[in-house]
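# Notes for the structure review
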Amino acid sequence: MSNPNKQRTRGVLLVNLGSPESTDVGDVRTYLREFLTDPRVLDNPAPIRHAVVNLFILPSRPKDSAEAYEKIWTEEGSPLIVISERVTELLRERVDVPVELAMRYGNPSVKSALRKLASMGVDDLFVIPLYPHYAMSSYETAVAKVKDELAKLPFRMDLTFQPPFYDDPAYIDALVDSAKEYLEQDYDHVLFSYHGVPERHIKKGDPSGCYCLQTADCCRKKNPVHGMCYRHQVHATTWAFADKAGIPPEKYSLTFQSRLGRDPWLTPYTDKTLERMPSKGIKKLVVMSPAFVSDCLETIEELGMEGREDFLEAGGEEFHLVPCLNDHPKWIDVLEKFVREFEEGALVDEHPVIPQP
Ligand SMILES: C=CC1=C(C)c2cc3[nH]c(cc4nc(cc5[nH]c(cc1n2)c(C)c5CCC(=O)O)C(CCC(=O)O)=C4C)c(C)c3C=C
Ligand SMILES: [Fe+2]
Ligand SMILES: [Fe+2]
């Protein structure tokens, strides 16, 4: 039993998704294997998941993905990792407790970050998964990974997790501020493009088992079942943003990108929407991707290169992609606020988890 009079040592762990070690096809294959054999990402029964990954995905996808990573790689490495490291450094300057960074897949690993924090005496850890929205394949797998790795290590820490912050006014304020100069220009429409997930994942996260995805607008309404509903939460971010930025309903829409495989994923799809927009009179477009707090392959390459080309080839005239929050000072303010709330004991160490077989 822990001694209630002992002084606790707090620490902070930021967890992002991760990238391959390099753009070599072998490194990309290693990364994709770890990513796609995660049962919270491809949630088929284990033998099917391994067969799909080893027989259908790993023989061909690493080469295509490596080419895509080539286009975005910087001298310092993967944008997602470089930006996350910068954010970690900036947060360290703001708070008086140790702050470490870990990636759910690849490096720096969760295990190495936990070891570092333990070596600094941390036994009361605040974990911030760097995802505004709850998805089994992003937020939840980050939480599970921290718990699993800690259980295997020879020391104990209390864990508190930052809940998804999709409608936190400070996060919305930071997003609006980051998009300000784009929204001051003349534009026809704002497209909010979120990373997609399979529809099945949404149904699994519905504790009632009979609400989400039952009607076209179910997830758009407020409902107590939405603690784990990615579809509801991305809509809530979009409404809050539009409200704060003063964008009328007819001037914005929401789509989902990055579909993988043949199962039904959330619709409408970003690529199809971009191709259709010019014929509907949308020629000057602003695009935002608030599911990502750091620019990455999905924003720089998929939206900024592929998406731009699709839109312009279909007759669009201007395509403006708003950068993610990255190291925006208001985003660092938000992270600092989360740490202060943890220090004040304002967060409950509880969060829902989708049951895994
Ligand atoms: C919002 C966060 C994310 C969710 C939810 C998510 C779900 C999800 N992703 C895949 C498959 C892939 N995603 C890939 C890249 C990628 N995904 C996210 C975030 C979420 N994914 C990020 C930030 C990135 C970029 C990483 C980087 O290094 O920049 C990839 C790898 C690239 C590729 O080969 O296309 C895959 C694969 C699934 C299947 C899924 C939900 C089930
Ligand atoms: Fe993804
Ligand atoms: Fe829902």
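Residues numbered from 1 in each chain as written. Chains lettered and ligands numbered in written order. Predicted model: local features only at pLDDT ≥ 70, side-chain atom pairs only at ≥ 80, totals over all residues.

## Regarding the packing of helix α3 (residues 61–72) against helix α11 (residues 297–313)
In plain terms, the rule: Between N-to-C directions, angles span 0 to 180 degrees; the directions come from axes that are lines fitted to C-alpha atoms, helices contributing only their stretch in contact. Working definition: helices are DSSP H or I runs of at least four residues, strands are E runs of at least two. Numbering for both runs from the N terminus. Each angle receives one of four descriptions, namely roughly parallel if under 35 degrees, roughly antiparallel if over 145, roughly perpendicular if within 65 to 115, and oblique otherwise. Contacts are defined on C-beta atoms placed from the backbone: any two residues whose C-beta positions lie within 7 Å are in contact. Note on residue categories: nonpolar means Ala, Val, Leu, Ile, Met, Phe, Trp, Tyr, Cys or Pro, charged means Asp, Glu, Lys or Arg, and polar means any other residue, Gly included.
One way to put it is that α3 packs onto α11 with a least axis distance of 9 Å and a crossing angle of 90°. The angle between α3 and α11 places the two elements in the roughly perpendicular class. Residues A68, Y69, K71 and I72 of α3 form the contact with α11, whose own contacting residues are L297, I300, E301 and M305. Among the residues forming the contact of α3 with α11, the class breakdown is six nonpolar, no polar and two charged.

## Notes on the domain arrangement of the protein chain
To keep things clear, this is the line we draw: The domain boundaries here were taken from an automatic or database domain assignment.
Domain boundaries assigned for the protein chain yield domain 1 (10–165 + 329–343) and domain 2 (169–321). A straight line from the C-alpha centre of domain 1 to that of domain 2 covers 23 Å. Across the boundary between the two partners, domain 1 contributes 23 residues, which contact 24 residues of domain 2. Listed by contribution, the elements that provide at least two residues to the side of domain 1 that touches domain 2 are α3, α4 (79–94), α6 (136–152) and α12 (329–343). When residues of the side of domain 1 that touches domain 2 are assigned to their parent elements, the largest contribution, five residues, is made by α12.

## Overview of the UniProt feature "binding site: Fe(2+)" (unreviewed entry) in the protein chain
What counts is decided by this rule: UniProt positions are given in the numbering used here, feature names are shortened, and annotations may be inferred rather than shown by experiment. For every residue, the other C-beta atoms within 10 Å of its own C-beta are counted; 20 or more classify it as buried, 12 or fewer as exposed, and values in between as partly exposed. C-beta atoms are placed from the backbone.
Under the UniProt annotation, the feature "binding site: Fe(2+)" (unreviewed entry) is placed at H195 and E298. Separation in sequence by 104 residues is not matched in space for these annotated residues, since their most distant C-alpha atoms are only 8.0 Å apart. Along the chain, H195 falls in strand β5 (residues 189–195). C-beta crowding within 10 Å serves as the criterion here: with 26 such atoms nearby, H195 is assigned to the buried category. For H195, the residues in contact, after removing those within four places along its chain, are Q257, S258, A291 and E298. Tracing the sequence through the fold places E298 in helix α11. Setting aside residues up to four positions removed in sequence, E298 forms contacts with H195, Q257, S258 and F292.

## Some thoughts on the sheet that holds strand β7 (residues 284–288)
Quick reminder of the rule: Note on pairing: DSSP must find at least two bridges between two strands before they are called paired.
The strand order across the open sheet built from four strands is β6-β5-β7-β8, with neighbouring strands paired in parallel fashion. Looking at strand neighbours, the two that pair on one side only are β6 (252–257) and β8 (318–321), the edges of this open sheet. Direction aside, the axes of adjacent strands within the sheet are offset by 25° on average. In the sheet, β7 pairs with β8 via four bridges, with the strands oriented parallel. Across the sheet, V286 pairs through a bridge with H320, a residue of β8. Contacts between helix α9 (residues 230–245) and the sheet are confined to β5 and β6, with β6 contributing the most and set at about 150° to the helix.

## Describing the site of ligand 1
To be explicit about the condition: Residue proximity rests on one test: whether the C-beta atom, placed from the backbone, lies within 6 Å of the molecule or strand.
In the vicinity of ligand 1 there are 23 residues, among which S19, S65, S137, C296 and L297 approach most closely. Taken together, the residues of the shell around ligand 1 sort by class into 14 nonpolar, seven polar and two charged. Among the domains, domain 1 (10–165 + 329–343) and domain 2 (169–321) are the pair contributing at least three residues each to the shell around ligand 1.

## A closer look at the environment of V127
Mapped onto the secondary structure, V127 falls in strand β3 (residues 124–129). Discounting residues that sit within four places of it in the chain, V127 has contacts with L13, V15, V146, L159, F161 and Q162.

## Structural notes on the packing of helix α7 (residues 169–183) against α9
A pair of packed helices is characterised by two quantities: the angle between their axes and the separation of those axes. Note the following rule: The handedness criterion is simple: a crossing whose near helix is rotated anticlockwise from the far helix by less than a right angle is left-handed, and one whose near helix is rotated clockwise is right-handed.
At their nearest, the axes of α7 and α9 sit 10 Å apart, and the two run at 55° to each other. On the basis of their axis angle, the class for α7 and α9 is oblique. When you trace α7 past α9, the crossing you get is right-handed. Of α9, the residues touching α7 (which contributes I172, D173, L175, V176, A179 and L183) are A240, F241, K244 and A245. For the contact of α7 with α9, the residue count by class is eight nonpolar, no polar and two charged.

## Remarks on the sheet that holds strand β2 (residues 99–103)
Reading across the sheet, the four strands line up as β2-β1-β3-β4 and stay open at both edges, with parallel pairing between neighbours. Among the strands making up the open sheet, the edge pair consists of β2 and β4 (158–161). Averaged over all adjacent pairs, the angle separating strand axes in this sheet is 25°, with direction ignored. Where strand β1 (residues 10–16) meets β3, six bridges bridge the pair, whose relative direction is parallel. What sits directly across from L14, in β3, is I128. Along the sheet face, helix α5 (residues 110–119) touches β1, β2 and β3 and points at about 165° away from the line of β2. The strands that α12 touches are β1, β3 and β4; relative to β3, the one it contacts most, it runs at about 145°.

## Details of the environment of F342
Counting through the fold element by element, F342 comes out in helix α12. Taking the C-alpha atoms as reference, F342 lies 8.3 Å from Q162; in sequence the two are 180 residues apart. Not counting residues within four places of it along the chain, the set of residues in contact with F342 comprises F126, T160 and L347.

## A word on α11
Heads up, the condition is: At every residue, the bend is computed as the angle between two fitted axes, covering the seven residues ending there and the seven beginning there respectively.
Bending of α11 peaks at approximately 30° at the position of G307. Of all the positions in α11, only L297, E298, T299, E302, L303, G307, D310 and F311 are classed as buried. Tucked into the core, α11 has its buried residues touching α3, β5, β6, α10 (270–276), β7 and β8. Once α11 ends, the next one or two residues include G315, with phi positive near 110°.

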